[in-house]
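Structural overview
Chain by chain, the residues:
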Amino acid sequence: MLIFENIKLALSSIRVNKMRSFLTMLGMIIGISSVIAIVSLGDTMRSAIAKEYENVGSTLGYLYINSPDGYYTDDYLFTAEDKDMVKEAFGDRLTYLGFNSSSKATMKNGRVTKEGNLIGLAENPAEYKKLNILKGKLFSNLDVENARPFVILEEKDAMELFGSIDVVGRTIRTVIGTETKELTVTGVYRNQDSALMKLLSGSNNTRFTAYVPETLIFPKGSTAWSLYFCVKSSYNVEEVGNQVARYVAKIKNKEESQVMFYSAQKEMGTIDSMMGGLSAVVGAIAAISLVVGGIGIMNIMLVSVTERTREIGIRKALGARTQDILSQFLIESAIISAAGGAVGTALGIGVVAIGGMFVNMAVVVKPQVVIIAVVFSAVVGIFFGLYPAAKAAKADPIEALRYE
Amino acid sequence: MRNIIEIQNLNKIYDTGAVQVHALKEVNLTIQEGEYVAIMGKSGSGKSTLMNILGCLDRPTSGSYVLDGIDVAKENPKQISYIRNQKIGFVFQSFNLIPRTSALKNVELPMIYGRVPAKERLARAKELLEKVGLGDRLDHMPNEISGGQKQRIAVARALANHPAILLADEPTGNLDTPSSVEVMNLFTQLNREGVTVIVVTHEDDIAAFTNRIIRFQDGQLIEDKRRGEHADF
Ligand SMILES: Nc1ncnc2c1ncn2[C@@H]1O[C@H](COP(=O)(O)OP(=O)(O)OP(=O)(O)O)[C@@H](O)[C@H]1O
Ligand SMILES: [Mg+2]
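Residues numbered from 1 in each chain as written. Chains lettered and ligands numbered in written order. Predicted model: local features only at pLDDT ≥ 70, side-chain atom pairs only at ≥ 80, totals over all residues. Heavy atoms only, no water.

1. Side note on the domain arrangement of chain A
For chain A, the assigned domains are domain 1 (2-52 + 270-402) and domain 2 (60-262). On a C-alpha basis, the centres of domain 1 of chain A and domain 2 of chain A stand 54 Å from each other. (Domains from an automatic or database assignment.)

2. A few points about the packing of helix α11 (residues 309-317) of chain A against helix α12 (residues 322-359) of chain A
A pair of packed helices can be characterised by two numbers: the angle between their axes and the separation between those axes. All names here are of chain A. Remark: α11 packs on α12, axes separated minimally by 10 Å, with the N-to-C direction vectors making an angle of 140°. Considering their axes alone, α11 and α12 lie oblique with respect to each other. Relative to α12, the crossing made by α11 is right-handed. Contact with α11, carried on its side by E311, I312, R315 and K316, involves T322, I325, Q328 and F329 of α12 and no other residues of that element. (Axes fitted to C-alpha atoms, helices over the stretch in contact; angles between N-to-C directions. Helix = DSSP H or I, 4+ residues; strand = E, 2+ residues; numbered from the N terminus. Parallel < 35°, antiparallel > 145°, perpendicular 65-115°, else oblique. Left-handed = near helix turned anticlockwise from the far one by under 90°. Contact = heavy atoms within 4.5 Å.)

3. Section: the side chain of A:E5
Examined against the element boundaries, A:E5 turns out to sit in helix α1 (residues 3-16). With a relative accessible area of 11%, A:E5 lands in the buried category. Filtering out sequence-adjacent residues up to four positions away, A:E5 remains in contact with B:K105, B:I112 and B:R121. (Buried < 20%, exposed > 50% of the residue type's maximum accessible area, 1.4 Å probe, protein only.)

4. Quick notes on the sheet that holds strand β1 (residues 60-65) of chain A
All names here are of chain A. With antiparallel pairing, four strands are arranged side by side in an open sheet as β2-β10-β1-β11. Of all strands in the sheet, those with a lone pairing partner are β2 (94-98) and β11 (259-263), marking the two edges. For this sheet, the mean angle separating the axes of adjacent strands, direction not counted, is 20°. Direction of pairing for β1 relative to strand β10 (residues 226-231): antiparallel, over a ladder of five bridges. The partner of Y62 across the bridge, within β10, is Y228. On the sheet, helix α9 (residues 237-251) packs against β1, β2, β10 and β11 and is oriented at approximately 160° with respect to β11. (Pairing = 2+ DSSP bridges.)

5. Things to note about the site of ligand 1
In the neighbourhood of ligand 1, 15 residues make up the surrounding shell, with B:S43, B:G44, B:K47, B:S48 and B:T49 lying closest. Ligand 1 sits at the junction of chains A and B, each of which supplies nearby residues. Within the side chain of B:S43, an N or O atom sits 2.5 Å from an oxygen atom of ligand 1. A distance of 3.0 Å separates an oxygen atom of ligand 1 from a polar atom in the backbone of B:G46. When ligand 1 is considered free in solution it has 630 Å² of accessible area, and contact with the protein chains removes 69% of it. Broken down by secondary-structure element, the contributors of at least two residues to the shell around ligand 1 are β2 (20-32) and α1 (47-54) of chain B. The greatest single-element share of the shell around ligand 1, amounting to three residues, is contributed by α1(B). (Near = heavy atom within 4 Å. Polar contact = N/O pair within 3.5 Å; in protein donor to acceptor, adjacent residues only side chain to side chain. Areas by Shrake-Rupley, 256 points an atom, 1.4 Å probe, with all protein chains shown as cover.)

Laid out in structure tokens, this is it:
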């Protein structure tokens, strides 16, 4: 097959026609780099979302009661008593049980005023929300039980309100609804959300997000839409969640089918497969550009074969076999497209890496995506090189030698 | 001396659709090993057609051609490639060197297709270029040298695989007189070393280098003279 000689021939022919070879490769470069960039972008988003759910916890589930007519009276909502009953029945299997309540509030320290949300945490808050506490600590269960006026501020909000993050023990005047409370700062946390998550959750820099004991913003007699819970890791979330749902249906006198239960795991699976499907579709569209690149290669190879008709005739007259000529041109087109594929891979990874730098995210480039892309580009090169190479190989030496 | 070429009742008809051109008519010809032959004739008399068939670049319409004991008509394409590579050295009027490829590489080419190991190939190519007087032009490209030098490279290339016959179709057609003489002297020298040489030419001066002159007219062999048979030859 003269592979080694033909590789040398192909390289020198590419070198002689530098510009043309580059333009031919351009199709492959654009195709491969966009496939890699798009698929890697999708993978990066998926891993970011997966990480977010990891922070929330894979043991998390929540349920609510669905009203058939869309009209929610109190018997569709949860009270503190309902929560206590669930806790009584499932305390051995749950690590956390709360309402996921939140309340708009305004904080004021001296001249600085900030609007934002207070989010309530129930007993064992660490089980539910994995906060990166920089200063101080989370609430104790006693703090929650006694509705102590404690608050955990975000680093940036502490800086704005107090000009420092060493603010554990300081108090802040907070207006919640119509009430005004003096909250004592017990901790400062750092927001670990990625740029993407911040974008998705719509949090912005002007509003604060602070955590308080749930009991503080959920006084006796209030009602909530949903119950949030974390299941002990030795139990199955789906199983326990369904048991809780059945129990809730019983105590609230509702049909079991009316109690809607969702687990973080299941939701994540849904989002994950959605994102996966999306990047597959977009990746497939990008893959079409690879085919276009392949046609570009075929076009140039046909030109090259025609241009070199006489050379082919000479080679045949000197004793080149059909397969020698075939492999000469096949190897040339495979090298052009594989080189295009390699450059495209580097470019695609570069684009993703630079993009990742901008949104401050660790990018994910799966090796199998790269391998598939490069192998695919070589296959495209061979496939689209086949016709021109066959044309060259079966040229009649007399005709070819006569070609001007 | 054994026969290196035996041709019997050879016909070549080009069918161009509208007209049929009978380029070779019932040609019978035997050439022995070590002969030095000139083929002459008017333009269109069928000389190149015969050379292409002798060089296995083309096939006859009918008749038989035995080259060095091989009945060429019976061979498959792969074996034909092998015969072209191993048995035949072809020199063209228009040189037909591969462009942008050094003299050395051009001479190596038949040996590449003959699967000669690289080292041996290189040594043989150098030796041949030295033999044709171009030992100092190994790395020159075809566009950097004169026509006479190109043709000598082509001769070196034709000799690469020790062919049974050296075929030259108007090798001096594109050369001036000194270069033509140079190339013909080379053929004469090769013939003295035992190579069978067949040269197509229009010029009597060129034919005078050879020992046998075969004349064609309208596709037919009309004259076959050996040196010594006639006073003028
Ligand atoms: N491929 C072809 N198709 C049709 N006719 C052809 C073809 N090749 C040659 N011929 C015809 O065959 C005849 C012999 O041609 P050939 O080339 O053998 O002549 P020649 O003796 O080599 O002439 P010259 O001295 O001009 O080279 C001519 O009439 C020519 O027109
Ligand atoms: Mg001719």
